[in-house]
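# Observations on chain architecture
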Amino acid sequence: NLKFVGMNRTIVHHITSVNSKFFHIALVNCKDFKGRKIYIKAPRTSPNTDGIHLERCSGVHISSSIIGTGDDCISIGQGNSQVTATNITCGPGHGISVGSLGIYPNEKDVKGLIVRDCKMIGTWNGISFKTWPNSPGRSKATNLTFENIVMENVRNPIIINQEYCPSQSCSSQAPSMVKLSEIRFKNITSTTLSDVAVRLSCSKGVPCQEIYLEEVHLSLSTGEAHPVSSCENVIAKCIGTQVPAPCR
């Protein structure tokens, strides 16, 4: 695996990473990173093999890459700003995620993310947000756009989970204190394996604000009746086509 720490104006292109034991590529405290034509491959069943993970970076551009792993294809951790991912093909894996956030004290905000012209094939999640309950500090993720995304046979196309606890060891009932706002899902199409295609489970401590869904069309892979939406602690604003029907 590769880890870039504290680097400026880095260019990475035409590289392949296969069967890393942990994250394939990690960026920490980097500025102005450009990655293009990156090919990452790991088995669907391999845990914690994120394709590209970012922490405390700015000015990152990742494009024209194919990523298939047992975890997130791209994961946006805390402290990132002005990140763009375009023309990414993801699958297998857990899609493109913001998080997990809210596990450590003094986490920095996430802001200015654009994910555009991407495809998810056979992933567990499509676009996901993961924040931990009982956050030790307050932070926010804001001004995030997901546009022109096509998904095929994805279990959870659009999901916000602010009670993220993968080990099921969270005993506290305190809510997540990561504020999610100004999030736009625009021109999203998918076939889904789940009856709940849009799941917005926001924090009761800091409810989501300014969540926009525009021209979203998600259908069941079986071709049967439309899936549904599920919402907690959020009022999403819908523009244009919305399938499944928005939460009321």
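In spatial order, the strands read S2-S4-S6-S8-S10-S12-S14-S16-S18; together these nine strands make up an open sheet with parallel pairing. Pairing within the sheet leaves two strands with one partner each, and these edge strands are strand S2 (8-18) and strand S18 (237-243). Sheet twist, expressed as the average angle between the axes of neighbouring strands with direction ignored, equals 5 degrees. As judged from the seven bridges shared by strand S8 (residues 81-90) and strand S10 (residues 110-121), these two strands associate in the parallel manner. Paired with Ser81 across the strands is Lys111, a residue of S10.

Glancing now at the sheet that holds strand S17 (residues 228-232). Read across the open sheet, the nine strands follow the order S1-S3-S5-S7-S9-S11-S13-S15-S17; overall the sheet is parallel. Of all strands in the sheet, those bounded by a partner on one side alone are strand S1 (2-5) and S17. In this sheet, adjacent strand axes meet at a mean angle of 15 degrees when their direction is disregarded. Direction of pairing for strand S7 (residues 74-76) relative to strand S9 (residues 96-101): parallel, over a ladder of three bridges. Pairing of Ile74 across the sheet is with Ile96, part of S9.

Before going further, it helps to examine the pattern of salt bridges. According to the stated counting rule, one finds three salt bridges in the structure shown. The salt bridge partner of Lys130 is Asp72, with a shortest N-O separation of 2.9 Å. Placement of the pair is Lys130 in strand S11 (residues 125-131) and Asp72 in the loop between strand S6 (58-68) and S7, with a sequence separation of 58 residues. The class for Asp72 is buried, based on a relative accessible area of 2%. Note that Glu147 and Lys186 form a salt bridge whose closest N and O atoms lie 3.9 Å from each other. Note that Glu147 is positioned in strand S12 (residues 139-154) and Lys186 in strand S14 (residues 178-192), a separation of 39 residues in sequence.

Below, the discussion takes up the side chain of Ser135. Among the secondary structure elements, Ser135 is positioned in the loop between S11 and S12. Here Met177 takes part through its backbone nitrogen, which lies 3.0 Å from a polar atom of the side chain of Ser135. Discounting chain neighbours no more than four positions away, the residues touching Ser135 are Gly102, Pro175, Ser176, Met177 and Val178.

So, about the state of the cysteines. Per the counting criterion, the structure on display carries three disulfides. A sulfur-sulfur separation of 2.1 Å characterises the disulfide bridge that pairs Cys73 with Cys90. With the S-S dihedral at roughly 80 degrees, the linkage between Cys73 and Cys90 falls on the right-handed side. Of this pair, Cys73 sits in the loop between S6 and S7 while Cys90 sits in strand S8, and the two are 17 residues apart along the sequence. Judged by its relative accessible area of 0%, Cys73 is buried.

One number sums up the size of the largest pocket: a volume of about 810 Å³. Taken together, 32 residues form the lining of the largest pocket, with Asp72, Ser100, Lys130, Tyr164 and Pro166 sitting closest to its centre. Per element, the largest residue contribution to the lining of the largest pocket is four residues, and it comes from S11. Classifying every residue of the lining of the largest pocket by side-chain character gives twelve nonpolar, twelve polar and eight charged. Here the second largest pocket defines a volume of roughly 230 Å³.

Glancing now at the environment of Phe23. Within the secondary structure, Phe23 sits in the loop between S2 and strand S3 (25-28). Beyond its immediate sequence surroundings of up to four residues, Phe23 is in contact with Asn1, Asn48, Asp50 and His53.

What counts, and where the lines are drawn
Residues numbered from 1 in each chain as written. Predicted model: local features only at pLDDT ≥ 70, side-chain atom pairs only at ≥ 80, totals over all residues. Heavy atoms only, no water. Pairing = 2+ DSSP bridges. Helix = DSSP H or I, 4+ residues; strand = E, 2+ residues; numbered from the N terminus. Axes fitted to C-alpha atoms, helices over the stretch in contact; angles between N-to-C directions. Salt bridge = Lys/Arg side-chain N within 4 Å of Asp/Glu carboxyl O. Buried < 20%, exposed > 50% of the residue type's maximum accessible area, 1.4 Å probe, protein only. Polar contact = N/O pair within 3.5 Å; in protein donor to acceptor, adjacent residues only side chain to side chain. Contact = heavy atoms within 4.5 Å. Disulfide = S-S within 2.5 Å. 1 Å grid on protein atoms, 1.4 Å probe; cavity = no way out; pocket = protein on both sides within 12 Å on 5 of 7 lines; lining within 4 Å. Points joined across faces, edges and corners; volume = space filled by probe spheres on them. Nonpolar A, V, L, I, M, F, W, Y, C, P; charged D, E, K, R; others polar.

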